[in-house]
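Single-letter residue listing:
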Amino acid sequence: MPYLIILDASHNQLTDFFGFQPPKNLKEVNFSHNQMSVMTHLSAYSSLSKLNLDYNCFSEIGGLLHCASLTHLSLAHNKISCISGLDKLPIKDLCLISEIKEATHIHDLCLLRELNLQRNPVQEQLDYRLAVIFLLQHLTGLDQEKVTVEEKVSAVNKYDPPLEVVAARENMSHMVYQLMQPQVIYDSTLPSLDSPYPMLVLTGPQACGKRELAHKLCREFNDFFAYGTCHTTRGPYFGEEDRSNYHFVTEEDFQNMIHMGKFLQTMQYAGHWYGLSREAIEDVAREGLACCVHMELEGVFSLKNSHFEPRYILMIPTDKEQYGRRLRTRALYTRTQIDTAVARVDTYALINRERPGFFDNVIPCDEPVEAYRTLRQVVKDYLGVEEQGGEDQSTTDTPDNTSTELKRDSLVDEAPPAPSTRPETIFKSRSAPDMDPSDHNYRKYYNKVQAQLTPEKTSAELASIHRRQQLVREALMGKSPRAYTQLFKRCVHTAPSSLASQTQRDPALSSPMMPRASHDGQHNHSENNSSDDSHASSGLSIPSSAGAFSETAGPAGCSDLGLDTTVEPLDVSSLGHNLDMLKDQVESGHTPDAPRHGSELLSPGATTARPGSNAKPILPPILSGRKTPGPSPSPKP
Ligand SMILES: Nc1ncnc2c1ncn2[C@@H]1O[C@H](COP(=O)(O)OP(=O)(O)OP(=O)(O)O)[C@@H](O)[C@H]1O
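Residues numbered from 1 in each chain as written. Predicted model: local features only at pLDDT ≥ 70, side-chain atom pairs only at ≥ 80, totals over all residues. Heavy atoms only, no water.

**Topic: the nonpolar core**
Now for step 1: Grouped together as the largest cluster of nonpolar side chains are 68 residues, with contacts concentrated most on Met-199, Leu-200, Phe-225, Leu-276, Ile-313 and Leu-375.
Now for step 2: Core analysis: the next-biggest nonpolar cluster, separate from the first, contains 23 residues, Ala-9, Leu-51, Phe-58 and Leu-75 among them. (Core = buried A, V, L, I, M, F, W, Y, C linked by side-chain atoms within 4.5 Å. Buried < 20%, exposed > 50% of the residue type's maximum accessible area, 1.4 Å probe, protein only.)

Below is the structure:
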């Protein structure tokens, strides 16, 4: 066949090159999809310009030295470990890989920095560049172009996104869905500068006991907490009740809720959806209580993107074997689910190790009784409450162990225990220092490092920050949910009584995070009596962030925030303008822009000097408040 120019011997079971003298005009040869493993000398193929050896078993490529016309060589899908003798050839097209996943074969070439896959078919695949950069993260150049840092970050975010990225995306979509709906003001949980709505999140791997602990905590501290019921698409286990454990919904309903912007966060776990709705939190907040929820790590990452600032407590099994046994004895999970749950213990531990402060507390949960004892102590510590009976009630571990001794009043009357007087259990729980960033020394060290890393601010910068903070405070004034300022103080208030009394006398020493109830006589009522006052003006029987709209605008209230009492709060009320209100304003000769005098704007039953109550006359109606009666009002000055 002296005139043969193209030879297609593909898709055979050839193990060897033909042992014949090839025609001298043979230009294109296709030996792909065969079983060849040894490259013989191809010097006889002198006119060859295109050679396809894809899908064979070659480990070494050589013997092409005399193919002086070879411009296209395709070697994809082989087991190549060595290529030689190509450097003198006029090759324009070299195909080593045709699918992106083949790049993994060169993943082990840890010295490889530059890779040129130009004119490979792989280039035509979607997102080819990012995919290769992701697979070969040590590359500095690809296809004769520098690999930039941005490309590396995008590649990782695309193919193996870190938890923050997943959470940020998820948060973004929930926000967008929410914004697409008619706006609802969740007035009980509105964010505020000084005291965000308090939440407690118990996190940890599946079935580590956090759900039972959350329920128990809510039962015992029922004056402070209520259980935030999430939605799920999984079916109820035996004994589980709709609404008390979860809102059990269908997949379709869940997706509808997502698209209606109902959720603050969602997560898919073991093939089911879980989600915490805004309404679930708001329901609890309307009762004047803090919301307590349990969730997996991904949920924590998502919540960190929201305006809520919960306390996060990690419940972690320290004995993985025992934890695995516990999962097995539940007889609810498949083997894969158990393995996943056990493996996630390490993920939690890693996050805790690598991100000091990510969790507010870490409590080992191998022993449920001990875990609860520690948890309740930690929570009491957060709340700044002392037990009036003196005895640690957690020692009685009955499900209905409800403490009526723990009362909201004690938040005001009693200072939280100084660290040295804390019960030993709390220190016991922190016996694993590598796991517990809440350890005092750990935090001190962290703060020191942080301070060193943060460049000092110039006076101009400080003044600018101050001005911006002032503006934000002014904007938020009247919306501060003061009812919660006592709950979940960020720093434990351990001042000795002498200092405390000095603080009371000297407002300059007071901090917005400190109990404000005793600054002075007038102020005294702002904390303790806010419920009372709210009641007068809005029917709210106890303080809540909704009640904060109706708090006093008196000098004491404002001096706390360093504000001038004449500051007009930002009017967000236009969102909720209704006809009646407009009518009222017209009748009384006030337009929304006309200057208002505090006394004119008060509702008939309201006391004077209350910021917010008058400034937000057209807020949505404040609901009737919690079921349990609030603390009894102290006498008015
Ligand atoms: N909204 C949520 N976001 C993220 N994770 C959630 C959410 N709601 C529940 N979870 C978590 O999803 C996991 C699976 O929940 P599920 O109730 O099916 O598990 P379980 O076997 O009953 O274990 P547990 O006792 O931990 O609830 C649990 O770790 C639970 O805490």
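**A word on the sheet that holds strand 12 (residues 225–227)**
Now for step 1: Strand order in the open sheet made by the 5 strands is 12-17-11-18-19, with parallel pairing throughout. At either margin of the open sheet sits one strand with a lone partner, and together these are strand 12 and strand 19 (361–364). Along the sheet, successive strands turn relative to each other by an average axial angle of 25 degrees, direction set aside.
Now for step 2: Lying over the sheet, helix 6 (residues 278–286) contacts strand 11 (199–203), strand 12 and strand 17 (290–295), oriented at roughly 145 degrees with respect to strand 17.
Now for step 3: Taken strand by strand, helix 10 (residues 368–383) contacts strand 11, strand 12, strand 18 (311–316) and strand 19, and its axis lies near 160 degrees from that of strand 19. (Pairing = 2+ DSSP bridges. Helix = DSSP H or I, 4+ residues; strand = E, 2+ residues; numbered from the N terminus. Axes fitted to C-alpha atoms, helices over the stretch in contact; angles between N-to-C directions. Contact = heavy atoms within 4.5 Å.)

**Section: the packing of aromatic side chains**
Now for step 1: Per the counting criterion, the structure on display carries 10 aromatic pairs.
Now for step 2: Three or more aromatic residues link up through ring pairs in this structure, and these residues are Phe-221, Phe-224 and Phe-225.
Now for step 3: The ring of Tyr-372 carries Lys-216 above its face, with NZ or CZ at 4.4 Å from the centroid.
Now for step 4: Stacked on the ring of Tyr-237, the Lys or Arg Arg-234 has its end atom at 3.6 Å from the ring centre. (Phe/Tyr/Trp six-rings, centres within 6.5 Å; stacked < 30°, edge-to-face > 60°. Lys NZ or Arg CZ within 6 Å of the ring centre and 35° of its normal.)

**A word on the sheet that holds strand 8 (residues 114–115)**
Now for step 1: Pairing within the open sheet is mixed, and its 3 strands lie in the order 8-9-10. Each edge of the open sheet carries a strand with a single partner, namely strand 8 and strand 10 (145–146).

**Examining the pairing of strand 15 (residues 263–269)**
Now for step 1: A large share of strand 15 lies buried, amounting to 6 of its 7 residues.
Now for step 2: Strand direction decides the pairing type here: strand 15 and strand 16 (residues 272–277), joined by 6 bridges, are antiparallel. Across the sheet, residue Gln-268 finds its bridge partner in strand 16, namely Trp-273.
Now for step 3: Turn length for the strand 15-strand 16 hairpin, with the two strands adjacent in sequence and antiparallel, is 2 residues, and the turn residue Ala-270 shows positive phi of about 50 degrees.

**A few points about the pattern of salt bridges**
Pairing between side chains of opposite charge can happen when the charged atoms of each approach one another.
Now for step 1: Evaluated as defined, the whole model comprises 14 salt bridges.
Now for step 2: Put simply, Glu-240 and Arg-211 hold a salt bridge, and the shortest N to O gap is 2.8 Å. Linking Glu-240 in the loop between strand 13 (230–232) and strand 14 (246–248) with Arg-211 in helix 4 (residues 210–220), this pair joins segments that are 29 residues apart in sequence. Residues Glu-240 and Arg-211 agree in their burial class; the two are buried. (Salt bridge = Lys/Arg side-chain N within 4 Å of Asp/Glu carboxyl O.)

**Thoughts on the site of the ligand**
Now for step 1: In the region of the ligand, 19 residues are neighbours, and Arg-211, Arg-234, Tyr-274, Glu-296 and Tyr-333 sit closest.
Now for step 2: Interatomic distance of 2.5 Å between a side-chain N/O atom of Tyr-274 and an oxygen atom of the ligand.
Now for step 3: One nitrogen or oxygen atom from the side chain of Tyr-333 is found 2.3 Å from an oxygen atom belonging to the ligand.
Now for step 4: Starting from 580 Å² of accessible surface for the ligand in isolation, the protein chains cover 100%. (Near = heavy atom within 4 Å. Polar contact = N/O pair within 3.5 Å; in protein donor to acceptor, adjacent residues only side chain to side chain. Areas by Shrake-Rupley, 256 points an atom, 1.4 Å probe, with all protein chains shown as cover.)

**Thoughts on the environment of Arg-169**
Now for step 1: Looking at the element boundaries, Arg-169 is found in helix 3 (residues 163–179).
Now for step 2: Since its relative accessible area comes to 42%, Arg-169 is described here as partly exposed.
Now for step 3: In the structure, Arg-169 is positioned 133 residues away from Ser-302 in sequence and 9.1 Å away in space, judged by C-alpha atoms.

**Section: the packing of helix 8 (residues 320–330) against helix 9 (residues 335–354)**
Now for step 1: With their axes 10 Å apart at the nearest point, helix 8 and helix 9 run at an angle of 150 degrees to one another. Compared by their axis directions, helix 8 and helix 9 come out roughly antiparallel. Considering only the axes of helix 8 and helix 9, their crossing is right-handed. Only Ile-338, Ala-341, Val-342, Val-345 and Asp-346 of helix 9 make contact with helix 8, whose side of the interface consists of Lys-320, Tyr-323, Gly-324, Leu-327 and Arg-328. (Parallel < 35°, antiparallel > 145°, perpendicular 65-115°, else oblique. Left-handed = near helix turned anticlockwise from the far one by under 90°.)

**Description of a nonpolar patch on the surface**
Now for step 1: A contiguous nonpolar surface patch, about 320 Å² in accessible area, is contributed by Met-172, Val-176 and Met-180.
Now for step 2: Tracing the chain through its elements places Met-172 in helix 3. (Patch = residues over 30% accessible without salt bridge, like charges linked within 9 Å, V, L, I, M, F, W, Y side chains within 5 Å.)

**Thoughts on unusual backbone geometry**
Now for step 1: Phi is positive for His-11, close to 55 degrees, though the residue is something other than glycine.
Now for step 2: Its place among the elements puts His-11 in the loop between strand 1 (6–8) and strand 2 (28–30).
Now for step 3: Here Ala-207, not a glycine, exhibits a phi torsion of approximately 55 degrees, which is positive.
Now for step 4: Tracing the backbone through its elements, the reader meets Ala-207 in the loop between strand 11 and helix 4.

**Observations regarding helix 5 (residues 251–259)**
Think of an α-helix as 3.6 residues a turn; residues three or four steps apart then line up on the same face.
Now for step 1: Of all the residues in helix 5, the buried ones are Phe-254, Met-257 and Ile-258. Angularly, the buried residues of helix 5 cover 105 degrees about the axis, an arc narrow enough to put them on a single face.
Now for step 2: Elements that come into contact with the buried residues of helix 5 comprise helix 3, strand 13, strand 15 and strand 16.
Now for step 3: Count one or two residues on from helix 5 and you reach Gly-261, which has phi positive near 65 degrees. (Arc of directions from axis to C-beta.)

**Remarks on the packing of helix 1 (residues 128–135) against helix 2 (residues 149–159)**
Now for step 1: The interhelical angle for the contact between helix 1 and helix 2, taken along N-to-C directions, is 90 degrees, at an axis separation of 8 Å. Put simply, helix 1 runs roughly perpendicular to helix 2. Seen from helix 1, the contacting residues are Arg-129, Leu-130, Ala-131, Ile-133 and Phe-134; seen from helix 2, they are Glu-151, Lys-152, Ser-154, Ala-155, Val-156, Lys-158 and Tyr-159.
Now for step 2: Considered class by class, the residues forming the contact of helix 1 with helix 2 number 7 nonpolar, 1 polar and 4 charged. (Nonpolar A, V, L, I, M, F, W, Y, C, P; charged D, E, K, R; others polar.)

**Description of the side chain of Ser-277**
Now for step 1: Position of Ser-277 relative to the elements: it lies in strand 16.
Now for step 2: Here Ala-280 takes part through its backbone nitrogen, which lies 3.0 Å from a polar atom of the side chain of Ser-277.
Now for step 3: In this structure Ser-277 touches His-231, Met-257, Lys-262, Phe-263 and Leu-264, once residues within four positions along its chain are discounted.

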